[in-house]
Amino acid sequence: MTVARSGEEALQLAGKDSFDVVLLDMIMDPGIDGLETYQQILGINPQQKAIIVSGYSETRRVQEALRLGAEEYIKKPYSMKNIGVAISKVLRQSH
């Protein structure tokens, strides 16, 4: 598992390595948010699998991330079980 402290750091990592799934929070202060991070990651790897998490209800930005290809949306608070189920589902879909 690799952790990025910001959207900008996630982009640097995505440019150097490939990931089975990225988990993106919609609000990442300071810096770019989850949607913008995902949009830019898709420019690096158009097939990148993603899961979006947010403490807010499903906003237009969340809907846009899903439209772009993010497979799952998980509302906070979430548990490790929720995350594990979502990751498992996304990985099964890709095979």
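Residues numbered from 1 in each chain as written. Predicted model: local features only at pLDDT ≥ 70, side-chain atom pairs only at ≥ 80, totals over all residues. Heavy atoms only, no water.

Asker: Would you explain the packing of helix α2 (residues 34–44) against helix α3 (residues 60–68) in this entry?
Answerer: Packed helices, taken two at a time, are described by the angle their axes make and the gap between the axes. With their axes 10 Å apart at the nearest point, α2 and α3 run at an angle of 15 degrees to one another. With respect to α3, the element α2 is oriented roughly parallel. Judged by the twist between their axes, the crossing of α2 over α3 is left-handed. Contact residues: Leu35, Glu36, Tyr38, Gln39 and Leu42 in α2; Arg61, Glu64, Ala65 and Leu68 in α3. Tallied by class, residues from the contact of α2 with α3 come to five nonpolar, one polar and three charged. (Axes fitted to C-alpha atoms, helices over the stretch in contact; angles between N-to-C directions. Helix = DSSP H or I, 4+ residues; strand = E, 2+ residues; numbered from the N terminus. Parallel < 35°, antiparallel > 145°, perpendicular 65-115°, else oblique. Left-handed = near helix turned anticlockwise from the far one by under 90°. Contact = heavy atoms within 4.5 Å. Nonpolar A, V, L, I, M, F, W, Y, C, P; charged D, E, K, R; others polar.)

Asker: Sorry if this is basic, but what is going on with the confidence of the model for the chain here?
Answerer: Note: predicted coordinates in regions of low pLDDT should not be interpreted at a detailed level. On average, residues of the chain score 92 in pLDDT, and 98% of them are at 70 or above. Within the chain, α2 carries the highest mean pLDDT (96), whereas α3 carries the lowest (93). (pLDDT = per-residue confidence, 0-100.)

Asker: Help me out: how do you make sense of helix α4 (residues 80–93) in this one?
Answerer: Residue pairs three or four apart in sequence face the same way in an α-helix, which turns once every 3.6 residues. The end-to-end C-alpha distance of α4, which contains 14 residues, comes to 20 Å, matching closely the 20 Å that a straight helix rising 1.5 Å per residue would cover. All of the buried residues in α4 are Ile83, Ala86 and Val90. Axial view of α4: buried residues confined to an arc of 65 degrees, hence all on one face. Projecting away from the buried face of α4 at angles above 90 degrees are the exposed residues Met80, Lys81, Val85 and Arg92. In this structure, the buried residues of α4 make contact with β1 (22–25), β2 (50–54) and β3 (72–75). (Expected span 1.5 Å × (residues − 1). Buried < 20%, exposed > 50% of the residue type's maximum accessible area, 1.4 Å probe, protein only. Arc of directions from axis to C-beta.)

Asker: Please clarify how the pattern of salt bridges should be interpreted in this entry.
Answerer: Think of it this way: side chains of opposite charge can pair up when their charged atoms draw near. Inspection of every chain in the model, using the stated rule, returns five salt bridges. Between Lys76 and Asp25 there is a salt bridge, with its nearest N and O atoms 2.6 Å apart. Taken together, the residues Lys76 in the loop between β3 and α4 and Asp25 in strand β1 connect sequence positions 51 residues apart. (Salt bridge = Lys/Arg side-chain N within 4 Å of Asp/Glu carboxyl O.)

Asker: Which parts of the structure should I look at to understand the environment of Lys89?
Answerer: Examined against the element boundaries, Lys89 turns out to sit in helix α4. The spacing of Lys89 and Gln63 is 26 residues in sequence and 19 Å in space, taken between C-alpha atoms.

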